[in-house]
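Structural overview
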Amino acid sequence: MAAGGAAGPGGTVRGPNGPAPAAGAVERQPDRAADRGTRCRDDGAGRAGAGAGPGCAGDPAADRARGDLSVAGVVDAECLGGGGDPPGRGAGGAMARFVITGTGTDVGKTVFAAGLCGMTGAAYWKPVQSGLAGNVPNAALTGDAPGQHSACTGRTPTTRAALTDVAQPGSDRAEVEQLSGAPTHPEAVMLREPLSPHRAAELEGVEIDAEALTPPPGARLVIEGAGGVLVPLTRQILFADLFARWQIPVVLVCATGLGTISHSLSAIEALRARGVPIHGVAFAGDPNGDNMATIGQIGRVRVLGRLPHLARLDRAALAQAMRDNFRAEDFA
Ligand SMILES: Nc1ncnc2c1ncn2[C@@H]1O[C@H](COP(=O)(O)OP(=O)(O)OP(=O)(O)O)[C@@H](O)[C@H]1O
Ligand SMILES: C[C@H](N)[C@@H](CCCCCC(=O)O)NC(=O)O
Ligand SMILES: [Mg+2]
């Protein structure tokens, strides 16, 4: 069975209030820093100097908007002459399409994607979802042979979940609808086991046709990958390869705590090696100004903000946290 294609049956998009309008196409984006004229001077001490433009450390409004970033002296890529990757803004500001990827699974991509959809009015699409049988990784399910897998799960290998215009409980799509009310596109591929898509697909006898995975139309779109940047879709094609083909700017969601520097810089290198445009990094987790600054500086990426852990995660709290910690104009 081959699986793939744009946004499921008919390329439809649904929200709580019914189908949303769809228009537009993917296009390569011009340089945003030049567009905004916001490159900043670095004073040599890792902090933007006087005259820093909006969006750079040293700009009081930007610092306020980014919460603790200014405290640690974060210098974003624009300030260091980095951040030269193509941005998420198209000619005339008409297009705002972003891929949300991350350093790994469970880093907070779906929650950030929901927040971004809520903040910008974008629609959401997750092309490939694995783990509908329970989004909890289970080492016992990673056996090589389908027979072993079957024995571990105590049932015969599943068939691919039916594509539906209604978000499936437990899917990232359902979580985004709940947390944002955004219109969502059906997944192109849904797989039951909480495994890398290539393996979940093999266990179900599904052949993922990566060539056929084409983003749905729409000027405002947030696309979420599965797991981290080098997760295999098939044994030949990784998510980063797909992003390179699409040339849609990615936002890399990174943790803030110990271990994130190497994970984040590795992901950035992998994306750059494939020519994937990086829009910036969105952090998720507790404050850690130096980790964020270090990743921004060494990775030459724009630091877009940090989404804190929310004790009560609901639509209102997420919308408020996005307003407090990110700037909508950075995603315009
Ligand atoms: N800011 C936050 N506040 C509270 N809980 C959060 C926050 N961000 C993420 N979580 C929780 O952490 C878990 C993992 O987050 P999330 O589902 O967004 O990860 P993910 O990167 O999308 O993973 P996957 O690779 O499976 O798509 C979820 O239970 C989610 O509700
Ligand atoms: C099961 C997870 N939740 C996720 C897939 C994560 C794959 C991680 C593979 C790896 O890096 O080892 N699926 C998904 O986002 O649809
Ligand atoms: Mg997710």
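Calculation criteria
Residues numbered from 1 in each chain as written. Chains lettered and ligands numbered in written order. Predicted model: local features only at pLDDT ≥ 70, side-chain atom pairs only at ≥ 80, totals over all residues. Heavy atoms only, no water. UniProt positions renumbered as here; feature names shortened; annotations may be inferred. Near = heavy atom within 4 Å. Polar contact = N/O pair within 3.5 Å; in protein donor to acceptor, adjacent residues only side chain to side chain. Areas by Shrake-Rupley, 256 points an atom, 1.4 Å probe, with all protein chains shown as cover. Helix = DSSP H or I, 4+ residues; strand = E, 2+ residues; numbered from the N terminus. Nonpolar A, V, L, I, M, F, W, Y, C, P; charged D, E, K, R; others polar. Pairing = 2+ DSSP bridges. Axes fitted to C-alpha atoms, helices over the stretch in contact; angles between N-to-C directions. Contact = heavy atoms within 4.5 Å. 1 Å grid on protein atoms, 1.4 Å probe; cavity = no way out; pocket = protein on both sides within 12 Å on 5 of 7 lines; lining within 4 Å. Points joined across faces, edges and corners; volume = space filled by probe spheres on them. Buried < 20%, exposed > 50% of the residue type's maximum accessible area, 1.4 Å probe, protein only. Phe/Tyr/Trp six-rings, centres within 6.5 Å; stacked < 30°, edge-to-face > 60°.

The name an unreviewed UniProt entry gives the protein is ATP-dependent dethiobiotin synthetase BioD, with Paracoccus gahaiensis as the organism. In UniProt, the protein has this text filed under Subunit (unreviewed entry): "Homodimer." Here the protein is described in UniProt, under the heading Subcellular location (unreviewed entry), as follows: "Cytoplasm".

So, about the site of ligand 1. Neighbouring ligand 1 are 17 residues; Thr105, Asp106, Lys109, Thr110 and Leu310 lie closest to it. Contacts to ligand 1 include Thr105, whose side-chain N or O atom sits 2.8 Å from an oxygen atom. Between Lys109 and ligand 1, the recorded distance is 2.8 Å, taken from a side-chain N or O atom to an oxygen atom. Look at ligand 1: alone it shows 620 Å² of surface, and the protein chains cover 77% of it. Secondary-structure elements contributing two or more residues to the shell around ligand 1 are helix H3 (109–120) and helix H5 (172–180). Among the elements that take part in the shell around ligand 1, H3 stands out by supplying three residues, more than any other. When grouped by side-chain class, the residues that make up the shell around ligand 1 number six nonpolar, five polar and six charged.

Spatially, E5-E9-E4-E10-E11-E12 is the arrangement adopted by the six strands of the open sheet, whose pairing is parallel. The two strands at the open ends of the sheet, each matched to only one other strand, are strand E5 (123–125) and strand E12 (303–307). The sheet shows a mean angle of 25° between the axes of neighbouring strands, taken without regard to direction. In the packing of helix H7 (residues 239–246) onto the sheet, the strands contacted are strand E4 (96–102), E5, strand E9 (220–224) and strand E10 (250–255), and the crossing angle to E4 comes to about 165°.

Right, let's get into empty space enclosed by the protein. One pass over the full model with this rule turns up two cavities of 30 Å³ or more. There is about 30 Å³ of room inside the second largest cavity. Lining the second largest cavity we find Ala96, Phe98, Leu116, Thr120, Ala122, Arg220, Val222 and Phe331. Residue assignment for the lining of the second largest cavity shows that the elements contributing at least two residues are E4, H3 and E9.

Further remarks concern the UniProt feature "active site" (unreviewed entry) in the protein. Here, the residues flagged by UniProt with the feature "active site" (unreviewed entry) are Lys126. Within the secondary structure layout, Lys126 lies in the loop between E5 and strand E6 (128–130). By relative accessible area, which is 4% here, Lys126 ends up buried. Ignoring anything within four residues of it in the chain, the contact list for Lys126 reads Asp172, Glu187, Ala188, Glu224, Gly225 and Ala226. Engagement of the side chain of Lys126 in a polar contact is seen with the side chain of Asp172, the distance being 2.7 Å.

Next up on the list: the UniProt feature "binding site: substrate" (unreviewed entry) in the protein. According to UniProt, the feature "binding site: substrate" (unreviewed entry) maps to Ser130 in the numbering used here. By secondary structure assignment, the location of Ser130 is in strand E6. By relative accessible area, which is 12% here, Ser130 ends up buried. At 2.8 Å, the side chain of Ser130 and the backbone oxygen of Leu195 are in polar contact.

Taken as a whole and assessed by the stated rule, the structure comprises seven aromatic pairs. Judged by centre distance (5.2 Å) and plane angle (55°), the ring pair of Phe112 and Phe326 falls under tilted. Of this pair, Phe112 sits in helix H3 while Phe326 sits in the segment after helix H10 (315–325), placing them 214 residues apart in sequence. When its relative accessible area of 2% is taken as the criterion, Phe112 is described as buried. Looking at Phe326, the relative accessible area reads 2%, which means it is buried. Measuring from ring centre to ring centre gives 6.1 Å for Phe243 and Trp246, while their planes differ by 45°; the resulting arrangement is tilted. Placement of the pair is Phe243 and Trp246 together in helix H7, with a separation of three residues, close to one helical turn. Owing to a relative accessible area of 2%, Phe243 belongs among the buried residues under this scheme. The buried category is assigned to Trp246, whose relative accessible area is 6%.

Glancing now at the environment of Val250. Here Val250 lies in strand E10. Assessed through its relative accessible area of 0%, Val250 is described here as buried. Those residues within four positions of Val250 in sequence are excluded, and the remaining contacts are Val99, Thr101, Phe243, Leu271, Val276, Pro277, Ile278, His279 and Gly280.

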